[in-house]
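Single-letter residue listing:
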Amino acid sequence: MKRIIPVIQISHRKGVKTIQGYNPKYIGCPVNAVKILSDSNASEIIINDIAASKEQVIDFDYLQLISNEAYVPLCYSGGVSCLSDFDILFNMGFEKVACENLLFTEPNIVQQAVDKFGSSSIVGCITLKKKFLFGHHFSTFHSNLRYSIDDYLHIFDKLNIGEILFNNIIDDGTFNGFKHIDYIEILSNLKKPVVLQGGISSSDEIETLLVNDSVSGVAVGSLSCYRSKKRGVLINYPKEIAPHLLV
Amino acid sequence: MLSVAILDLGLGNVKSLEKICRKFIDVQIINGHSCWSQFDLVIFPGVGSFDAAVTAANKYSIKEKIISHLQKNNHFLGICVGMQVLFESSEEGMCDGLSLFKGHLKRFNKNSVVVPHMMWDKCEPHDFPFEINSVFYFTHSFALFEHGFNKFIDTQYESKFLSGFYENNVLGTQFHPEKSGSNGIKFFESYFNYLKKVRS
């Protein structure tokens, strides 16, 4: 069965939604958003602290408040830098922790986390960014280092990462549609669950993507934060999906 | 009134379990050194690798504690890796399991299915002591494909595997009821009601 995963971005205890990774717009209280999505029986919820990613400081006290409201699986991403960060996050009720920079800067820490918490608890992120003039490349979100898709395939396989989150930052928050299914098909050769994110335009598009065997789940930001493309804030869980795809 | 404890060995989502249990009953978080005698039910939560969980369990003689606890007609719940460690071994690790039940956990074949099995999936109960007829959240790469339980739950993925069992007051679940939304809340309600009934 496939998953639809709302993404709640937070920055300094505020719920926000970015466009192409920038211009965070306030969308409300993250604790309240998680409660609404949990009560809607979301398949899973991703909490992405964009301030923690940038400043490398995780607000554990606030994450505990968020975790307290979730009765569905929670995944955290943002600023994880050492094994004790994983320890604290799992202990407070997160089921999965996503790593991005750490995959390349401190792979031994990720390996230790996989060994201790099991591969199914560790998510590897890959971010697709726009090049300065044209085209696109892969990188971690807060660095300018460039990697090839083969670098990611190698590191995901070597570290035995449990799940892959493909973040298409180029179309983040734009409702332009997801245009990079070719990369998802390459990543799915690892036979690990692949979740895609970035630019999803509608429930119909989610359904189309979920039919693809290479896609284990679709992560949605704008669709779960906004009522429509006019961006009126309404925290909601996209439900108008063919029931045979979801449980 | 049920007296319930959650075993915190530094692994697992203790807070999630505590939160869902507190919807129905009072619970205590205990560590490896704690005495179990005052508890009707001890829960071993599960987020972790097989070897890490077995090593932590052996450090605090958890096998002996479980045996003594069950001899007093008390109950035990193991969730995910908390269930897996009750068996003899797993392909995931080098350590022997606690061997309270026979069985060897095997990895799903990644040539035929995506591994880990990470999704909400259907559970089919067989002669189970309380109501289970629902879907739950799974996240695991290893499973038990052969077993001799009479009261069990199975799930179809690569093939049918054991997703839960109930034997000699031990309940094991491969899925995470504490993270299965309203279905998980119903699961704990049914389980606690069952325990209250059998202990009254």
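Quick caveat: nothing in here was measured; it's all calculated off a predicted structure. Going along each chain's sequence as written, the residues are numbered from 1 onward. Each chain takes a letter, starting from A, and each ligand takes a number, starting from 1, following the order in which they are written. Note on the predicted model: pLDDT of at least 70 is required for a residue's local features to be given, and 80 or more for side-chain atom pairs to be given and counted; whole-chain, interface and lining totals, by contrast, use all residues. Neither water nor hydrogens contribute to the side-chain values; these are computed over all heavy atoms in the structure.

J.: I'm lost on the overall build of chain B in this one. Help?
T.: Secondary structure elements are taken from DSSP: a helix is a run of H or I of four residues or more, a strand is a run of E of two residues or more, and numbering for both begins at the N terminus. Counting its secondary structure elements, chain B contains 5 helices and 13 strands. Here the radius of gyration uses the C-alpha set of atoms, whereas the globule reference equals 2.2 Å times the residue count to the power 0.38. The globule rule puts the C-alpha radius of gyration for 200 residues at 16 Å, and the 16 Å found for chain B is close to it. Counting only C-alpha atoms and orienting by the principal axes, one finds that chain B spans roughly 50 × 35 × 30 Å. Exposed residues in this analysis have more than 50% of their type's maximum accessible area, buried residues have under 20%, and partly exposed residues fall in between, with area computed by a 1.4 Å probe over protein chains only. Per-residue burial over chain B gives 60% buried out of 200 residues. Once local pairs closer than 6 in sequence are excluded, the contacts in chain B between residues at least 24 apart make up 67%. With residues, only the protein chains shown are counted as cover, and all accessible areas are computed by Shrake-Rupley using a 1.4 Å probe. Of the roughly 7700 Å² of accessible surface on chain B, a fraction of 45% belongs to carbon and sulfur atoms. Positive and negative side-chain charges in chain B, numbering 20 and 20 respectively, have mean positions lying 5 Å apart. Contact definition: two residues touch when any of their heavy atoms are within 4.5 Å. The sign given to each residue is positive for Lys and Arg and negative for Asp and Glu; His and the chain ends receive no count. We put the charge of a Lys on NZ, of an Arg on CZ, of an Asp on CG and of a Glu on CD.

J.: Which parts of the structure should I look at to understand the sheet that holds strand β11 (residues 152–156) of chain B?
T.: For sheets, the rule is that strands pair by backbone hydrogen bonds, running either parallel or antiparallel. Residues and elements named next belong to chain B. One bridge is not enough; two strands pair if DSSP finds at least two bridges between them. Ordered in space as β2-β1-β3-β4-β13-β12-β11-β8, the 8 strands form an open sheet in which the pairing is mixed. The outermost strands of the open sheet, each flanked by one partner alone, are β2 (27–30) and β8 (124–126). Going from strand to strand, the sheet's axes swing by 20° on average, the running direction of each strand aside. In the sheet, strand β1 (residues 4–7) pairs with strand β3 (residues 41–44) via 3 bridges, with the strands oriented parallel. The partner of Val 4 across the bridge, within β3, is Leu 41. Convention adopted: a line fitted to C-alpha atoms gives each axis, helices being fitted over their contacting stretch, and angles between N-to-C directions are expressed from 0 to 180 degrees.

J.: Which parts of the structure should I look at to understand the interface of chain B and chain A?
T.: Often the size quoted for an interface is simply the accessible area lost on bringing the parts together. Contacts between chain B and chain A engage 39 residues on the former and 40 residues on the latter. Two parts placed together each lose some accessible area under a 1.4 Å probe, and adding up what both lose gives the buried area. In total, chain B and chain A occlude about 2900 Å² of area from one another, counting both sides; carbon and sulfur atoms represent 53% of this. When the buried area of chain B at its contact with chain A is split by residue, Met118(B), Trp120(B) and Lys179(B) rank highest and sum to 21% of it. Salt-bridge detection follows one rule: a side-chain nitrogen of Lys or Arg within 4 Å of a carboxyl oxygen of Asp or Glu. The partner of Glu95(A) in a salt bridge is Lys179(B), with the nearest N and O atoms 3.5 Å apart. Under this definition, polar contacts are N or O atom pairs within 3.5 Å; protein pairs additionally need one hydrogen-donor-capable and one acceptor-capable atom, and for neighbouring residues in sequence, both atoms have to be side-chain atoms. Linking chain B with chain A are 19 residue pairs in polar contact (both at pLDDT 80 or more). When residues are grouped by polarity, Ala, Val, Leu, Ile, Met, Phe, Trp, Tyr, Cys and Pro land in nonpolar, Asp, Glu, Lys and Arg in charged, and all others, Gly among them, in polar. In the side of chain B that touches chain A, the residues fall into 15 nonpolar, 13 polar and 11 charged.

J.: It is not clear to me how the pattern of salt bridges should be interpreted in this structure. Could you clarify?
T.: When charged atoms on two side chains of opposite charge get close, those side chains can pair. Enumeration according to the criterion identifies 14 salt bridges over all chains in this entry. Notably, a salt bridge pairs Glu163(A) with Arg3(A), separated by 2.5 Å at the nearest N-O pair. Note that Glu163(A) is positioned in strand β10 (residues 163–168) and Arg3(A) in strand β1 (residues 3–11), a separation of 160 residues in sequence. Owing to a relative accessible area of 3%, Glu163(A) belongs among the buried residues under this scheme. The salt bridge partner of Asp40(B) is Arg199(B), with a shortest N-O separation of 3.0 Å. Of this pair, Asp40(B) sits in the loop between β2 and β3 while Arg199(B) sits in helix α5 (residues 181–199); the two residues are 159 residues apart in sequence, bridging distant segments of the chain. A relative accessible area of 33% places Arg199(B) in the partly exposed class. Within this structure, Arg3(A), Glu44(A), Lys96(A) and Glu163(A) form a network of salt bridges that share partners.

J.: I'm lost on the pairing of β2(B) in this one. Help?
T.: For a regular strand, the rule is simple: side chains alternate between the two faces of the sheet. All names here are of chain B. Taken together, the 4 bridges between β1 and β2 define a ladder with parallel strand orientation. Bridge pairing in β2 links Ala 5 to Gln 28. By convention, a crossover is right-handed whenever its connection, traced from the first strand over the helix to the second and viewed with the strands pointing away, goes clockwise. In this region the chain leaves β1, passes through helix α1 (residues 14–21) and returns to the parallel neighbour β2; the handedness of that crossover is right-handed.

J.: For this particular structure, what's the right way to read the packing of helix α1 (residues 30–39) of chain A against helix α3 (residues 60–67) of chain A?
T.: For any two helices packed against each other, one specifies the inter-axial angle together with the distance between the axes. Residue and element names in this part refer to chain A. Taken N-terminus to C-terminus, the directions of α1 and α3 make an angle of 30°; their axes are 8 Å apart at the nearest point. Taken together, the axes of α1 and α3 lie roughly parallel to each other. Between α1 and α3 lies a crossing of right-handed hand. Residues Pro 30, Val 31 and Val 34 of α1 form the contact with α3, whose participating residues are Tyr 62, Leu 65 and Ile 66. An angle counts as roughly parallel when it lies under 35 degrees, as roughly antiparallel when it exceeds 145, as roughly perpendicular when it falls between 65 and 115, and as oblique in every other case. Note on convention: the crossing is left-handed when the near helix lies turned anticlockwise from the far helix by less than a right angle, right-handed when the turn is clockwise.

J.: Just to check I follow, could you spell out the environment of Phe165(B) for this structure?
T.: All names here are of chain B. Relative to the elements of secondary structure, Phe 165 occurs in strand β12 (residues 160–167). Overall, the relative accessible area of 0% leaves Phe 165 in the buried class. Along the sequence, Phe 165 and Phe 44 sit 121 residues apart, while their C-alpha atoms lie 15 Å from each other.

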